[in-house]
Structure formats: structure tokens, C-alpha cells
Amino acid sequence: MNIEELQQTAAALMEGDKGLLAMDESLPTCNKRFAEAGIPQTEEYRRKYRQLIVTTPNLGECISGAILFDETIYQKTDDDVLFVDVLKQAGIIPGIKVDEGTVAMPRSPSEKITNGLDGLPERLSKYYSLSPRFAKWRAVITIGKGTPTHENIKANTQTLAKYAALCQQANIVPIVEPEVLMDGDHTIETCRHVTEETIKELFNQLKIQGVNLQGLLLKPNMVIAGTDCPVQNSTDEVATATVECLLATVPPEVAGVAFLSGGQEPWEATGHLHAMHVKYEDKLPWPLTFSFARAIQQPALEIWKGRDENVEKAQQMLYFRASMDNLARRGEYSVDLETW
Ligand code: 13P
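Throughout what follows, the structure given in this document is the object of discussion. (Residues numbered from 1 in each chain as written. Predicted model: local features only at pLDDT ≥ 70, side-chain atom pairs only at ≥ 80, totals over all residues. Heavy atoms only, no water.)

1. A word on the site of the ligand
- The environment of the ligand is made up of Ala 22, Lys 136, Arg 138, Glu 177, Lys 219, Leu 260, Ser 261, Gly 262, Ser 291, Phe 292, Ala 293 and Arg 294.
- In this structure, an oxygen atom belonging to the ligand sits 2.8 Å away from a main-chain N or O atom of Ala 293.
- Here an oxygen atom of the ligand sits 2.7 Å away from a polar atom, N or O, in the side chain of Arg 294.
- Protein coverage of the free-state accessible area of the ligand, which is 300 Å², stands at 93%.
- Within the residue set of the shell around the ligand, elements represented by two or more residues are strand 6 (134–141) and strand 10 (288–292).
- When the residues that make up the shell around the ligand are grouped by side-chain class, the tally is four nonpolar, three polar and five charged. (Near = heavy atom within 4 Å. Polar contact = N/O pair within 3.5 Å; in protein donor to acceptor, adjacent residues only side chain to side chain. Areas by Shrake-Rupley, 256 points an atom, 1.4 Å probe, with all protein chains shown as cover. Helix = DSSP H or I, 4+ residues; strand = E, 2+ residues; numbered from the N terminus. Nonpolar A, V, L, I, M, F, W, Y, C, P; charged D, E, K, R; others polar.)

Now the structure itself:
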């Protein structure tokens, strides 16, 4: 384990006003998004779509790292250049999703645990040789009747911590993502309570596994009411609840915090990040940025629709959304800029 290399990678990912682009949808998730947009669900269309993303002009101005799915690591552009090489030439560090998806938890089947530890050391050393310098593992915490259970939080955070330790042994920076889902009618207070409990337990487990926090990134949800909750909160309330929750749970040594968007509308996710920076800029002990998938990609996917003639316009939209997120990280975003 090379601590210096891990810390350098983590610092590069958190540089300036940049953030991460999650483009690591698994086959079922990617196919679902394609189906909704009327795009054929084939390997070739997934290649074309990922090509559109990685060849977006000037993407490296906004994005420091891109999280890929295994299939994408081996794919190439029409000109026969590996996507990972296109990214590196653009100054974007390639990353890789290494979890193998979720399954129902045996004794509490409405909750999920994440698979993927089997054979992970071998996969990590293979990925290192193929370029990725950071990885992602997503755990899902479900708010519902009687959930989450403490057993579920413990099982998920234990696995996240074991994954993180294995990543660091392979000189790959781990992103730990304990996502408290927005599905449901719970209030913002419930989301905050569950997110706090989850992140506290996560750092407890990371300590047990001896994970170096300066070579680790946290990818949390924002603290927000469930999608079906009748009371939806203001931008300021979401920003305040989120940052207060993180300040109470995330040790200052952590190299950075990068949010998932979780199904928020793109401008909401951007607006929330902006509000956090405006209100808390001097009080944040870690860089605070974005690691969005849908909040960056979805509008571009809807423009593309699988058609070659729409690629340029879709790339402009992708760049536009990422640049809005840069402004948010600088605390310089305004909805008036949403002129697209
Ligand atoms: P969303 O931004 O669409 O929530 O995705 C982030 C992610 O990487 C989920 O694992």
C-alpha cells in the first residue's frame, strides 16, 4: 500500500471546482434508462453512448474523475482508442464500480445488501493494470416500516469497510457510497437520523479495518425528504440538514465528500450543492463536491435518443450540466443561469 499515491489520487479527484461523473450504470440500470428514452438496449448502443460522454469537448475542465462500469473499461471509440485513454488525455482519472449489485437481505428481505467481495483483490489488481485509480462501492439503505434495521446498517457498512481496505492495499482510492434512498414518504428529519446513524457506523467500521481516511472519499446522499413526503423542504433547509449531518459524522481527515444525486432533478441537486457552499464555505473541513450520474447525464441522454445527428447537442448539454455543478461548488450558481 502506497499511502502517498492514494492521497495524491484523492486530492486530484477533489481539485478546484471539479467533481466526479458517475457513468457506471450496470447493464440492467443502463438498459432501463435506454428503454425509457426509446434507445435500443444493445452493447453497441451502450458503447456509442459512453463514447458520446467521454469525447465531450472540454469535459476535463469540469470533471476530475469518471466512474466506469466493467464493460466500458474495454470499449473503444470509432477511431479504436480505449475510452480510458480518451479520459486520461482529457485529464480525467478513470475509476471503476466494483460492487456486483444488491440482493435482498436474508432475514429482512425488504432491505438490501451488496455483493462483490469474492475475488475482489484479484479484480482490483487487474483494474489497476487497466488504468483505474479509484473505485466505487454502493450500499443501499431503505427507509420504510421498521427499516432500516441496525443489522442492515451494520452488514452494509462492514462490507463497505472491507472493500475500502482491499482497495487501499491495491493502491486504488475507495469511494464509499452508503446511499439512503429517497423512495418513500419519510420526512427530512427521518432521513437525517438514518443518514447520521449510517455514516457514524461506517466510520466505526472503517476504523476497525484500519482504513486511511486521507486516501478515502465519501459519497453520501443529500439529507432530503422522501419523494412521496407531503412536506418538501426549501433549498436552504436541505443544505443545512445535509451539512450539519456531515459535520456531526464525517472525520475532518477524510479526503473529500462527493454527493450522489439520488433522483433529484438536475437543477435541484446543483442548487443544493450551491447553497451548502454559500452557507458553510469556511466551516467545511473537507472538499465538498458532486459525483452525479442522473443529474449530469439524464438531460443529455434525452437529447441523444440514440441518434448520431444528436450527439453534438447532447454533448453540449452534458458539458452545460457539469459546468453548472462547478459554479455550485464555487457558490456562484443561480437558477437564472439555467437558460438551456
Ligand atoms: P445518481 O447521481 O443518479 O444518484 O447516481 C450516483 C451513483 O453513482 C449511484 O451509485
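2. Side note on the sheet that holds strand 9 (residues 256–259)
- The parallel closed barrel is built from eight strands, whose spatial order is 1-2-3-6-7-8-9-10.
- By the bridge criterion, five bridges tie strand 1 (residues 19–23) to strand 2 (residues 63–68) in an arrangement that is parallel. Bridge assignment links Gly 19 to a residue of strand 2, and that residue is Ile 63. (Pairing = 2+ DSSP bridges.)

3. Topic: the packing of helix 10 (residues 266–280) against helix 12 (residues 311–330)
- Direction vectors running N to C along helix 10 and helix 12 enclose 20°, while the axes themselves pass 7 Å from each other. Taken together, the axes of helix 10 and helix 12 lie roughly parallel to each other. Seen along the crossing, helix 10 lies across helix 12 with a hand that is right-handed. Side by side, helix 10 and helix 12 meet where Pro 266, Trp 267, Thr 270, Leu 273, His 274 and His 277 of the first sit next to Arg 321, Met 324, Asp 325, Ala 328 and Arg 329 of the second.
- Residue composition of the contact of helix 10 with helix 12, by class: five nonpolar, three polar and three charged. (Axes fitted to C-alpha atoms, helices over the stretch in contact; angles between N-to-C directions. Parallel < 35°, antiparallel > 145°, perpendicular 65-115°, else oblique. Left-handed = near helix turned anticlockwise from the far one by under 90°. Contact = heavy atoms within 4.5 Å.)

4. Notes on the pairing of strand 3 (residues 93–97)
- The element strand 3 is extensively covered by neighbouring structure, given that five of its five residues are classed as buried.
- The alternating pattern of strand 3 places Ile 93, Gly 95 and Lys 97 on one face and Pro 94 and Ile 96 on the opposite face, and all of these are buried.
- Both strand 2 and strand 3 contribute to a ladder of four bridges, which runs parallel. Directly across from Ile 67, in strand 3, lies its bridge partner Gly 95.
- Inspection of the sheet shows strand 3 paired to strand 6 by three bridges, in the parallel sense. Within the sheet, the bridge partner assigned to Lys 97 lies in strand 6 and is Lys 136. (Buried < 20%, exposed > 50% of the residue type's maximum accessible area, 1.4 Å probe, protein only.)

5. So, the pairing of strand 1
- Counted residue by residue, strand 1 has five buried out of five residues, so it is predominantly covered.
- With two bridges joining them, strand 1 and strand 10 adopt parallel strand pairing. Bridge assignment links Leu 21 to a residue of strand 10, and that residue is Phe 292.

6. Overview of the environment of Lys 97
- With respect to the helices and strands, Lys 97 occurs in strand 3.
- On the basis of relative accessibility, which here comes to 14%, the residue Lys 97 falls in the buried class.
- Once the C-alpha coordinates of Lys 97 and Glu 25 are considered, the two residues, 72 residues apart in sequence, prove to be 8.7 Å apart.
- Ignoring anything within four residues of it in the chain, the contact list for Lys 97 reads Asp 24, Ser 26, Ile 67, Leu 68, Phe 69 and Lys 136.
- Here Asp 99 takes part through its side chain, which lies 3.3 Å from a polar atom of the side chain of Lys 97.

7. Considering the nonpolar core
- The biggest cluster of nonpolar side chains holds 78 residues, and the ones touching the most others in it are Ile 63, Val 98, Tyr 163, Phe 203, Leu 246, Val 250 and Leu 288.
- If one sorts the elements of this core by residue count, helix 12 sits on top with eight residues.
- With residues near it in sequence (within four places) discarded, Tyr 163 still touches Val 98, Leu 117, Leu 120, Ala 135, Lys 136, Trp 137, Pro 174, Ile 175 and Val 176. (Core = buried A, V, L, I, M, F, W, Y, C linked by side-chain atoms within 4.5 Å.)

8. Things to note about unusual backbone geometry
- Across the junction of Thr 147 and Pro 148, the peptide omega takes the value 5°, indicating a cis bond.
- Tracing the backbone through its elements, the reader meets Pro 148 in the loop between strand 6 and helix 7 (150–169).
- Within the chain, Asn 58 stands out as a residue other than glycine whose phi angle is a positive 65°.
- Following the sequence through the fold, Asn 58 ends up in the loop between helix 3 (43–54) and strand 2.
- Of note in this structure, Ser 131 is not a glycine but carries a positive phi near 110°.
- Inspection of the secondary structure puts Ser 131 in the loop between helix 6 (120–129) and strand 6.

9. Remarks on the packing of aromatic side chains
- Counted according to the given criterion, the structure contains seven aromatic pairs.
- Both rings, one in Phe 34 and one in Tyr 49, keep their centres 5.6 Å apart while their planes meet at 80°; by these two values the pair is edge-to-face. On the criterion of sequence distance, the pair formed by Phe 34 in helix 2 (residues 27–36) and Tyr 49 in helix 3 is long-range, its members being 15 residues apart.
- By relative accessible area, which is 1% here, Phe 34 ends up buried.
- By relative accessible area, which is 2% here, Tyr 49 ends up buried.
- Here Phe 320 and Trp 340 contribute two aromatic rings whose centre-to-centre distance is 5.6 Å and whose plane-to-plane angle is 40°, an arrangement assigned as tilted. Placement of Phe 320 in helix 12 and of Trp 340 in the segment after helix 12 is noted, with a sequence separation of 20 residues between them.
- Residue class for Trp 340 comes out partly exposed when judged on its relative accessible area of 46%.
- Above the ring of Tyr 127, the side-chain terminus of Lys 126 is found at 4.9 Å from the ring centroid.
- Positioned over the ring face of Tyr 128 is Arg 133, at 3.6 Å from the centre of the ring. (Phe/Tyr/Trp six-rings, centres within 6.5 Å; stacked < 30°, edge-to-face > 60°. Lys NZ or Arg CZ within 6 Å of the ring centre and 35° of its normal.)

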